[in-house]
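Coordinates in review
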Amino acid sequence: MARHIRVGGPVAVQILVDEQGKVVSAQAVSGHPLLLSAAKEAALRARFTPTMLSGQAVKVQGVITYNFVMQ
């Protein structure tokens, strides 16, 4: 639907990444309502290099911003 009406723009997603680098939690926090679900799904599919602290992998949280562009 978002494509049909040509909605675009940034969507910020708050994420929690586990010790293996997998996104285990994602919550869209800002952006167009029609894009929130797609951004959350994209964030849950993202993978990261594990974050190390004193030689131990740790959970981290952060924000990913997806910029939807309609062409």
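The following paragraphs examine the structure supplied in this document. (Residues numbered from 1 in each chain as written. Predicted model: local features only at pLDDT ≥ 70, side-chain atom pairs only at ≥ 80, totals over all residues. Heavy atoms only, no water.)

Considerations on the sheet that holds strand 2 (residues 23-30)
For clarity, the threshold we go by: In this analysis, strands are considered paired if DSSP registers two or more bridges between them. Numbered from the N terminus, helices here are DSSP runs of H or I no shorter than four residues, and strands are runs of E no shorter than two. Each axis is a line fitted through C-alpha atoms, and for a helix only the stretch in contact is used; angles between axes span 0 to 180 degrees, taken between their N-to-C directions. Two residues form a contact once any of their heavy atoms are found within 4.5 Å.
If you trace the three strands from one edge of the open sheet to the other, you get 2-1-5, paired in antiparallel fashion. Across the chains shown, the open sheet's two edge strands, defined by having one partner strand only, are strand 2 and strand 5 (60-68). For this sheet the average axis-to-axis angle between neighbouring strands, irrespective of direction, equals 25°. Note: strand 1 (residues 9-17) against strand 2, six bridges, orientation antiparallel. Opposite Leu16, over in strand 2, you have Ser25 as the bridge partner. Packing against the sheet, helix 1 (residues 36-45) makes contact with strand 1, strand 2 and strand 5, and its axis sits at approximately 155° to strand 2.

Concerning the nonpolar core
Counted only if it meets this: Residue types Ala, Val, Leu, Ile, Met, Phe, Trp, Tyr and Cys, when buried and joined through side-chain atoms within 4.5 Å, form a set referred to as a nonpolar core. Per-residue accessibility, obtained with a 1.4 Å probe over protein chains only, is compared with the maximum for each type, and a residue is labelled buried under 20%, exposed over 50%, and partly exposed between these values.
Ranked by size, the top nonpolar core spans 13 residues in total, and within it Val11, Val13, Ile15, Val23, Ala26 and Ala43 carry the most contacts. Where this core is concerned, the elements lending two or more residues are strand 1, strand 2 and helix 1. For this core, the element with the most residues is strand 1, which contributes four residues. Beyond its immediate chain neighbours, meaning those up to four positions away, Ala43 contacts Val13, Ile15, Val23, Ala26, Ile64 and Tyr66.

Let's talk about the side chain of Asp18
Stated formally: The charge count includes Lys and Arg as positive and Asp and Glu as negative, but it does not include His or the ends of the chains. The working definition used for a salt bridge is a side-chain nitrogen of Lys or Arg within 4 Å of a carboxyl oxygen of Asp or Glu. Polar contacts, as counted here, are pairs of nitrogen or oxygen atoms within 3.5 Å of one another; within protein the pair requires one atom able to donate a hydrogen and one able to accept it, and residues that are adjacent in sequence qualify only if both atoms are side-chain atoms.
Secondary-structure assignment places Asp18 in the loop between strand 1 and strand 2. With no salt bridge to any partner, buried Asp18 finds its closest opposite charge in Lys22, at an N-O distance of 6.2 Å. Side-chain polar atoms of Asp18 contact the backbone nitrogen of Gln20, separated by 3.0 Å. Once residues within four sequence positions are removed from consideration, Asp18 is found in contact with Val24, Val58 and Lys59.

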